[in-house]
Each structure stands twice: as structure tokens, then as C-alpha cells.
Amino acid sequence: MAGVLLWVISPKENATALLSLIPRGTAGKAQKSSRLCPRLKSSTGVSAFSTAVANPARSSEEKVYEVVLKQAALVREQRQKKALDLERTADSDGMTDWDLLNEAYDRCGEVCAEYAKTFYLGTLLMTPERRRAVWAIYVWCRRTDELVDGPNASHITPRALDRWEKRLDDLFEGRPYDMLDAALSDTVSKYPVDIQPFEDMIEGMRLDLRKSRYKNFDELYLYCYYVAGTVGLMSVPVMGIAPESKASTESVYNAALALGIANQLTNILRDVGEDARRGRIYLPQDELARAGLSDDDIFRGHVTDKWRNFMKDQIKRARMFFDEAEKGVGELNAASRWPVWASLLLYRQILDAIEENDYNNFTERAFVGKAKKFATLPVAYGRALMGTSKLF
């Protein structure tokens, strides 16, 4: 059933009919850029690719932070031009085309409701326009992830990812392939969403095809940015920054990036055993060695004192990224805060569950039970009501 909802391909003529509704000059089109990618401080706005070539010794965090600066500049420019006209009128001869676009968004909502129930509930508090746009981004990300982690993953080749990237280029140019693409194409025409984080996510899928070890955290950080940090950069323009926020745009993007990194690090720590059974180890090799551990220890799957101490350090780092993320959630548009707080608090509890399992992430899967989930939702809602912080 997972693949059925996700890979529904609507007749191409439906997507063609939608083209008249999507402007050719999209908000993200002009910002197509290099894939090289985030986080801490840099003072230059030069493209990440050119500076990386000039100075190859730069860390992954420095490379990715340049992407953050560029995304923040796009939003800042959009805010200076005042609000986008999200109520623009259609240039259509009738309701048929708009009905198809509404159907595309509704289908995205169904996928989100099926696979991200808690987050979906939170999106219902957003304005209809923002809600639908977030659904469209979520579905594209899920379809992309399914290419290398879904039921057909064994048949995916680098060429298939190249074709997927060509589809991405086309939808940013206002030429969607199917109805789910059409929803995202419409979204990027309305919001200052840049194509680079989408391209970078596809680059993360390419890494999954050719790389199963990461020699240090610098390499792992870049991978986490590609596959998860990008989602935060995609989402901020849609979720919006609160008008009353005093935070810099860059700091809000940094927090969104940190949440993506934290979530991916949590995924990695939760799925150590599952990944090992697929021959993959997403843990820094140098840190394993310093802890007196090797790949063989992970494949054997025995919880030892060495493993517990190693995991304590890994969990501590993931929590640091969650702490960084918390600083920016309150700066988002009020209607967008609840789903983000819910996601943050629930994912953070997975780290607690790993500890409760005595760090056995080889044979036991850490998860947050339904009772804890329901108890977390009002806490998240309460935090969403607190408004912007004074941390920046």
C-alpha cells in the first residue's frame, strides 16, 4: 500500500492541462545553482561551488552555511517586497483546470496523512495555502527518498536519479510531469523556494547508491544536510517568519537546518541494526575507532560498555542540534509552529527511547508510543502559542 499512494501517476494530459495555471517565471527558477553545499558562520555570499573549489579545505558546515545564506537572502528579498499575492486569480477558461490542481494538492494531503500522521494534524492549523504547499514539498521529498529506500530501490541506478533531477528542473520551469509534480510546481511559483535544496537532496540519494561508510563527522554532516537538512531550507519560505520576529533570517534558516540534521542523526542512531543488516554503517569511522569499536562489532550487534559510552556521545551531539533548532521554531509564522514543535519534541523522545533500551539499537527499535505522542501534542501546542523568542 505504501507504494500505491506514493507512486500514483496521473494521466499526462491532466498535468498538461495544469500548465496554464503555473507561471513560467517561477519564484525558484532564477536561483538554480550548484549542488555543493551548511551551518556556522561565514560572511560571504559567493556561490558555494566556486568558493569550495578555491578552498577545498573548508569544512562541510562552512560549505552548507553558504547555502543557508543564499536561501535567507531569497526570503529577505521577498519580505522586502511585501507579501506575495497568494490569492492570485486564474487565467483559465473554466473551473476544470483549477479542479485538477486542487485534486493534486488533495492527493498530496492524503499521502502526508498516511505517512506522517502527527505532522499532518499540525498542518491543519496552517492557512490553506501554506498547508497545501507543505504537503506538496513533503510528497516530493518522500517520493525522492523512496527511490533509494523503497520497494524498487534495488532497481534504481544513477541514471534514474538523473532522470528524476530532469523532472525537478522541468517542474521548476512550470512543466510538471504528473499531478503530484504539478502541486509542487504551483507551490514554487508562489513562494521564494530555491531549487538548490531539492537538487542537494537528490545528491544525497546518489551518495546512498555509492557510499556506505563515513570516515568522520564532517562527511556525515554533509550527508545529513543532503538528505534531511535540505527539508528545513525548502520549508521555511512556505511556513513563513513571524512579522514580529526580531531574529535574522539566517538564524531562522540555521535553526531549520539544525532540526533536519538532528532528525537524521536520530534516524541513524535508531536504525543502526537495520542499516548494518543492509551492509551500511552511518557512524563516523574515526569516532568508532577512538571508542575501541569496529565495523565487526556493529555487525555482531553486542551491547557492551564501549558501545554504551560511544552511544552516549552520539546522543549528546544529536541533542545539541535539537537545542539549536528550538531557538528558531518560535520565530516562524504563528500558524506554522505547532507541527514543527510536535516533530521536534517527538523525534527528540526517540533518543530517550534508545537510552531506555540500554542502547540496544541492534535488535530493538526505539519508538515513541501512542500515549506519549498524545501527551506531547498539547505540550507542542503550548510552546507554539508562546510566540517569538528573545534568543537572537
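Residues numbered from 1 in each chain as written. Predicted model: local features only at pLDDT ≥ 70, side-chain atom pairs only at ≥ 80, totals over all residues. Heavy atoms only, no water.

(A) A look at the overall build of the protein. A tally of helices and strands in the protein yields 18 helices and zero strands. Within the protein, buried positions represent 56% of all 392 residues. As displayed, the protein offers around 17,400 Å² of accessible surface, 53% of which is attributable to carbon and sulfur atoms. (Helix = DSSP H or I, 4+ residues; strand = E, 2+ residues; numbered from the N terminus. Buried < 20%, exposed > 50% of the residue type's maximum accessible area, 1.4 Å probe, protein only. Areas by Shrake-Rupley, 256 points an atom, 1.4 Å probe, with all protein chains shown as cover.)

(B) Region of the structure containing the packing of helix α8 (residues 158-172) against helix α10 (residues 196-210). For the pair α8 and α10, interaxial distance at closest approach is 10 Å and the crossing angle is 175°. Here α8 is positioned roughly antiparallel relative to α10, judged by the angle of their axes. Judged by residue contacts, Pro 158, Leu 161, Asp 162, Trp 164, Glu 165, Leu 168, Asp 169 and Phe 172 of α8 engage Phe 198, Glu 199, Ile 202, Met 205, Arg 206 and Leu 209 from α10. Here the contact of α8 with α10 is built from residues that sort into nine nonpolar, no polar and five charged. (Axes fitted to C-alpha atoms, helices over the stretch in contact; angles between N-to-C directions. Parallel < 35°, antiparallel > 145°, perpendicular 65-115°, else oblique. Contact = heavy atoms within 4.5 Å. Nonpolar A, V, L, I, M, F, W, Y, C, P; charged D, E, K, R; others polar.)

(C) Representation of the confidence of the model for the protein within the structure. Predicted confidence across the protein gives a mean pLDDT of 84, with 79% of residues reaching 70 or more. Low pLDDT (under 50) marks residues 82-95, which in the prediction has 18 contacts with non-local residues, meaning those over four places away or in another chain. (pLDDT = per-residue confidence, 0-100.)

(D) Fine view of the environment of Val 75. With respect to the helices and strands, Val 75 occurs in helix α4 (residues 60-80). For the pair Val 75 and Pro 192, spaced 117 residues apart in sequence, the C-alpha to C-alpha distance is 6.1 Å. Not counting the four nearest positions on each side in its chain, Val 75 is found in contact with Pro 192, Pro 237, Ile 241, Thr 249 and Tyr 253.

(E) The pattern of salt bridges, seen in detail. Counted under the stated rule, the structure contains 36 salt bridges. The residue Arg 308 makes a salt bridge to Asp 305 at a minimum N-O spacing of 2.9 Å. Here Arg 308 and its partner Asp 305 are both found in helix α16 (residues 305-329), three residues apart, which amounts to about one turn of the helix. With relative accessibility at 21%, the residue Arg 308 sits in the partly exposed group. According to the relative accessible area criterion, Asp 305 is exposed, its value standing at 56%. A salt bridge links Glu 326 to Arg 383; the shortest N-O distance between them is 3.7 Å. Taken together, the positions of Glu 326 in helix α16 and Arg 383 in helix α18 (residues 370-385) put the pair 57 residues apart, joining distant regions of the chain. Assessed through its relative accessible area of 26%, Glu 326 is described here as partly exposed. A relative accessible area of 29% places Arg 383 in the partly exposed class. In this structure, a network of salt bridges that share partners links the residues Asp 162, Glu 165, Glu 203, Arg 206 and Arg 210. (Salt bridge = Lys/Arg side-chain N within 4 Å of Asp/Glu carboxyl O.)

(F) Seen up close, the packing of aromatic side chains. Taken as a whole and judged by the stated rule, the model has 14 aromatic pairs. Pairing Trp 140 with Trp 164 gives two aromatic rings, centres 6.3 Å apart and planes at 20°, and the pair type is stacked. One end of the pair, Trp 140, is in helix α7 (residues 128-149); the other, Trp 164, is in helix α8, and 24 residues separate them in sequence. Judged by its relative accessible area of 3%, Trp 140 is buried. Pairing Phe 172 with Phe 198 gives two aromatic rings, centres 5.4 Å apart and planes at 70°, and the pair type is edge-to-face. Taken together, the positions of Phe 172 in helix α8 and Phe 198 in helix α10 put the pair 26 residues apart, joining distant regions of the chain. For the residue pair Phe 172 and Phe 198, the accessibility class agrees, reading buried in each case. It is Lys 211 that lies over the ring of Tyr 214; its NZ or CZ is 5.1 Å from the centre. (Phe/Tyr/Trp six-rings, centres within 6.5 Å; stacked < 30°, edge-to-face > 60°. Lys NZ or Arg CZ within 6 Å of the ring centre and 35° of its normal.)

(G) Representation of the state of the cysteines within the structure. Taken as a whole and assessed by the stated rule, the structure comprises zero disulfides. Cys 108 takes part in no disulfide bond, and the closest cysteine sulfur to it belongs to Cys 112, at a distance of 9.1 Å. For Cys 108, a relative accessible area of 0% puts it in the buried group. (Disulfide = S-S within 2.5 Å.)

(H) Geometry of the packing of α10 against helix α11 (residues 217-239). In contact at an axis separation of 8 Å, α10 and α11 are set at 155° when each is read in the N-to-C sense. Taken together, the axes of α10 and α11 are roughly antiparallel relative to one another. Crossing of α10 over α11 shows left-handed handedness. For the pair formed by α10 and α11, the contact residues are Pro 197, Phe 198, Asp 200, Met 201, Glu 203, Gly 204, Met 205, Leu 207 and Asp 208 on the first element and Tyr 223, Tyr 225, Tyr 226, Val 227, Thr 230, Val 231, Leu 233 and Met 234 on the second. (Left-handed = near helix turned anticlockwise from the far one by under 90°.)

(I) Expanded view of unusual backbone geometry. We note that Asp 358 has phi near 60°; this positive angle belongs to a residue other than glycine. Mapped onto the fold, Asp 358 is located in the loop between α17 (337-356) and α18. Since its relative accessible area comes to 37%, Asp 358 is described here as partly exposed. For Tyr 359, which is not glycine, the phi torsion reads 65° and is therefore positive. The topology assignment puts Tyr 359 in the loop between α17 and α18.

(J) Spotlight on the nonpolar core. Within the largest apolar cluster, 114 residues are counted, with the highest numbers of intra-cluster contacts made by Trp 140, Leu 220, Tyr 225, Leu 283, Ile 298 and Trp 307. For this core, the element with the highest residue contribution is α11, accounting for 15 residues. (Core = buried A, V, L, I, M, F, W, Y, C linked by side-chain atoms within 4.5 Å.)

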